[in-house]
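So the chains spell out like this:
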Amino acid sequence: MVSRWADDDEDAALEAQRKKEKEEKKRAKAEKQRKAEEAEKRRQQQQQQQEAAAESTNGSSERPSKRRRLSADQATTTEDDSASQPRPLLRFDAPSWGPARSVENFERLNHIEEGSYGYVSRAREIATGEIVAIKRMKMEGSEHSGFPVTALREIQTLNAARHRHIVELREVVNGEGGKVEDVYLVMEFLEHDLKTLMEDMEEPFLPSEVKTLMLQLGSAVEFLHDRWILHRDLKTSNILMNNRGEIKIADFGMARFCGNPPPSNLTQLVVTLWYRSPELLLGTTTYDSSVDMWSTGCIFGELLTKDPLLQGKNEVDQLSKIFELCGIPTEEIWPGFRKLPNARSLRLPRTTQTTGSVIRSKFPFLTTAGNALLATLLSLNPAKRPSASELLAHPYFREDPRPKSTAMFPTFPSKAGQERRRRQATPNAPIRGEGKAMGDVDFSGIFAGRENEDVGGGFQLKLI
Ligand SMILES: Nc1ncnc2c1ncn2[C@@H]1O[C@H](COP(=O)(O)OP(=O)(O)OP(=O)(O)O)[C@@H](O)[C@H]1O
Ligand SMILES: [Mg+2]
């Protein structure tokens, strides 16, 4: 029997025919698929063209954009809608620059301080009729090195010190004809300064008035120290007073910002002599807000008696007067004071005299709490002085007589409101570069022969 699978010619022809048909089918399928793809491509192209045309007329598209949208569709719509509408701007206060006005906008009425200062005047703003004080800034040295740093500090610190008991700086103006070399501070005007006022008062302030003044002063000093500003020239002539019993600190000519810890290269040539702390007199260059607290103590004493507390003739004499009132410094009460530049050459007496006894006898009418406050403000050791916040919390202010309401303060005729004579001679604020070494100083005679007295005659001071 012949095999069913035998390969004869007929089988071979049939096989070839089937193969051919199969290939033709394959080709036809590929051709069909190609045509379908081409059609799809054309359709897509057409659609893209239509969408592009629609986008250019409507400005919107449903096709997802390349950049991923983070906002919801609704937000997109709002954004698109608002693009055509004016949007309200968010406004907030920001410092801006503008040309300074000229001093010609003010009519000068009279000098407030004539003679040694000659720089502060009372004036009226022509446009508004408002009375102001105008201080011409000392611009020494500006011709060589630009705007003096001291003038810049005065503007910066006063500008940063907006407080009820700090004089308000209204504006900084240029000289006549817009002369930029002359710079004036325009400030609110106050009728008095405490120094000139006390010179004319028959009696010192009452204890209740002293308390009110000290609380106001303390609140302003606290504000400054909280903002890292040292005033460095607190004294009664730099404290202004209006006829409503309010005082305001002025004269930021010595002020500066300082950090914590304070810089180690501060000038010791600060603070007017009578209000200058012992560490400054001994030449320290690292000091802090406690120098202002010493001056505050001196002002406290002056308000109580209306006489400056420590009226030294020079730096050595000033130190002597301090030691006489506050006691002789020792390593125990003031660790490290011997290392201060001017302390090395001091010859100090050995004494058992304690701080406080002389102060008490000098202020017999001051209560125990008042004496304690004055004594801590006048601590030789700066670290022992209270901060301004501690001063405000002192029991002295809570005992009778209570601080007098400012509304009940008497009013006084204003000298600053008219032409006035010069104020009595008092030391001026220090000028940089004026300092000189003290040399060797012998303080050993300060308490000589008066160990048993509280107050009394003078003392001897020898330069050796
Ligand atoms: N805003 C003001 N209103 C009224 N009088 C003022 C005002 N500012 C200053 N004075 C008066 O002018 C005097 C001098 O002002 P100020 O202390 O600012 O100037 P200064 O030349 O820097 O003084 P210092 O010699 O202490 O450095 C003050 O003692 C005060 O009598
Ligand atoms: Mg002054």
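Keep in mind it's a predicted model, so treat the numbers as computed, not measured.

Considering the overall build of the protein
Next up, step 1: Assigned secondary structure in the protein consists of 12 helices and 13 strands.
Next up, step 2: Per-residue burial for the protein yields a buried fraction of 31% across its 464 residues.
Next up, step 3: Long-range pairs, those at least 24 residues apart, make up 66% of the contacts in the protein with a sequence separation of at least 6.

Looking at the sheet that holds strand β1 (residues 106-111)
Next up, step 1: Overall, antiparallel pairing links the five strands, which are arranged β1-β2-β3-β5-β4 in an open sheet. Looking at the sheet topology across the chains shown, the edges are occupied by β1 and β4 (169-174). With strand direction ignored, the average angle separating the axes of adjacent strands in the sheet is 35°.
Next up, step 2: In this sheet, strand β5 (residues 183-188) lies alongside strand β3 (residues 131-136) in antiparallel orientation, the contact comprising five bridges. The residue of β5 that forms the bridge with A133 is M187.

Some words on the environment of L304
Next up, step 1: Relative to the helices and strands, L304 resides in helix α8 (residues 290-305).
Next up, step 2: By C-beta crowding, L304 is classed as buried, having 20 other C-beta atoms within 10 Å.
Next up, step 3: A sequence separation of 94 residues divides L304 from V210, and the C-alpha atoms of the two residues are 6.7 Å apart.

Quick look at the site of ligand 1
Next up, step 1: Close to ligand 1 lie 23 residues; V120, A133, D193, D251 and A429 are nearest.
Next up, step 2: Among the secondary structure elements, those contributing two or more residues to the shell around ligand 1 are β3 and β5.
Next up, step 3: Within the shell around ligand 1, the residues separate by chemical class into 13 nonpolar, five polar and five charged.
Next up, step 4: Counting contributing residues, the shell around ligand 1 receives three or more from each of domain 1 (107-139 + 147-188) and domain 2 (192-408).

Focus: unusual backbone geometry
If a residue is not glycine, its phi is most likely negative; likewise, a peptide bond is most likely trans.
Next up, step 1: Here N260 and P261 are connected by a cis peptide whose omega angle stands at 0°.
Next up, step 2: Tracing the sequence through the fold places P261 in the loop between β10 (256-257) and α7 (278-281).
Next up, step 3: A cis amide bond links D400 with the next residue in sequence, P401, at an omega value of -5°.
Next up, step 4: Of note, W228 is a non-glycine position whose phi angle comes to about 60°, a positive value.
Next up, step 5: Locating W228 in the fold gives a position in the loop between α6 (207-226) and β7 (229-230).

Some points on α8
Next up, step 1: In a regular helix each residue adds 1.5 Å, so 16 residues correspond to 22 Å; α8 covers 23 Å between its end C-alpha atoms and thus fits that length.
Next up, step 2: Of all 16 residues in α8, 15 are buried; the element is thus mostly enclosed.
Next up, step 3: Count one or two residues on from α8 and you reach K306, which has phi positive near 65°.

Observations concerning the nonpolar core
Next up, step 1: Residues V132, I134, L217 and L374 are the most contacted members of the largest nonpolar core, which totals 85 residues.
Next up, step 2: In terms of residue count, the dominant contributor to this core is α8 (eight residues).
Next up, step 3: Not counting the four nearest positions on each side in its chain, V132 is found in contact with F106, A123, E125, R170, V186, M187, E188 and F189.

Describing the sheet that holds strand β6 (residues 192-193)
Next up, step 1: Sheet architecture is open: three strands sit in the order β6-β8-β9, paired in antiparallel fashion. Looking at strand neighbours, the two that pair on one side only are β6 and β9 (247-249), the edges of this open sheet.
Next up, step 2: Pairing between β6 and strand β8 (residues 239-241): two bridges, direction antiparallel. Paired with D193 across the strands is L240, a residue of β8.

Observations concerning the pairing of β3
Every other side chain in a regular strand lies on the same face of the sheet, so the side chains alternate between the two faces.
Next up, step 1: One ladder, built from five bridges, connects strand β2 (residues 120-125) with β3; its direction is antiparallel. Its bridge partner being in β3, A123 is matched across the sheet by V132.
Next up, step 2: Hairpin connection between β2 and β3: a loop of five residues separates the two successive antiparallel strands, and G129 in this loop has a positive phi of roughly 80°.

Describing the confidence of the model for the protein
Low pLDDT marks stretches whose predicted atomic positions should not be read closely.
Next up, step 1: Summing up the model confidence of the protein, the mean pLDDT is 83 and the portion of residues at 70 or higher is 80%.
Next up, step 2: Low pLDDT (under 50) marks residues 72-82, which in the prediction has four contacts with non-local residues, meaning those over four places away or in another chain.
Next up, step 3: Of the regions scoring below 50 in pLDDT, residues 449-464 engages in 26 contacts with residues more than four places distant in sequence or in other chains.

As for α6
Next up, step 1: For α6, spanning 20 residues, the distance from its first C-alpha to its last is 28 Å, which sits close to the expected 28 Å at 1.5 Å a residue.
Next up, step 2: What α6 keeps buried is the set V210, K211, T212, L213, M214, Q216, L217, G218, A220, V221, L224 and H225.
Next up, step 3: Here the buried face of α6 lies against β7, β8, β9, α8 and α12 (388-392).

Points about the environment of T426
Next up, step 1: Relative to the helices and strands, T426 resides in the loop between α12 and β12 (441-442).
Next up, step 2: When the C-alpha positions of T426 and W274 are compared, they lie 8.9 Å apart, and in sequence the two are 152 residues distant.

Re the packing of α6 against α8
Next up, step 1: Their axes nearest at 10 Å, the elements α6 and α8 cross at an angle of 165°. Taken together, the axes of α6 and α8 are roughly antiparallel relative to one another. In this structure, the crossing between α6 and α8 has a hand that is right-handed. Counting all contacts with α6, which are made through V210, L213, M214, L217 and V221, the residues of α8 involved are D292, T296, I299, F300, L303 and L304.

Details of the environment of T367
Next up, step 1: With respect to the helices and strands, the residue T367 is situated in the loop between α10 (357-362) and α11 (368-377).
Next up, step 2: Sequence spacing of T367 and D400 is 33 residues, and the spatial spacing of their C-alpha atoms is 9.6 Å.

Rules of the game
Numbers given to residues run from 1 along each chain, matching the order in which its sequence is written. Chains and ligands are labelled by the order in which they are written, letters from A for the one and numbers from 1 for the other. Only residues with pLDDT of at least 70 get local features here, since the model is predicted, and only at 80 or more are side-chain atom pairs given and counted; chain-wide, interface and lining totals rely on the full set of residues. Here a helix means four or more residues in a row that DSSP labels H or I, a strand means two or more in a row labelled E, and each is numbered from the N terminus. Comment: burial labels come from other C-beta atoms within 10 Å of the residue's own C-beta, placed from the backbone, where a count of 20 or more is buried, 12 or fewer is exposed, and between is partly exposed. Contact between residues is assigned whenever the C-beta positions, reconstructed from backbone atoms, fall within 7 Å. A pair of strands counts as paired when DSSP detects no fewer than two bridges linking them. Axes here refer to lines fitted to C-alpha atoms; in helices the fit is confined to the stretch in contact. Angles between the N-to-C directions go from 0 to 180 degrees. Any residue whose C-beta atom, as placed from the backbone, lies within 6 Å of a molecule or strand is termed near it. Polar here means any residue outside two lists: the nonpolar Ala, Val, Leu, Ile, Met, Phe, Trp, Tyr, Cys and Pro, and the charged Asp, Glu, Lys and Arg; Gly therefore counts as polar. Where a domain begins and ends is set by an automatic assignment or by a domain database. One fewer than the residue count of a helix, multiplied by 1.5 Å, yields its expected span. Each nonpolar core consists of buried Ala, Val, Leu, Ile, Met, Phe, Trp, Tyr and Cys residues. Their C-beta atoms, within 7 Å, join them into a set. The predictor rates its confidence in each residue with pLDDT, a number between 0 and 100. If an angle is under 35 degrees, it is roughly parallel; if it is over 145, roughly antiparallel; if it lies from 65 to 115, roughly perpendicular; otherwise it is oblique. Crossings are classed by handedness, with left-handed meaning an anticlockwise turn of the near helix from the far one by less than a right angle and right-handed meaning a clockwise turn.

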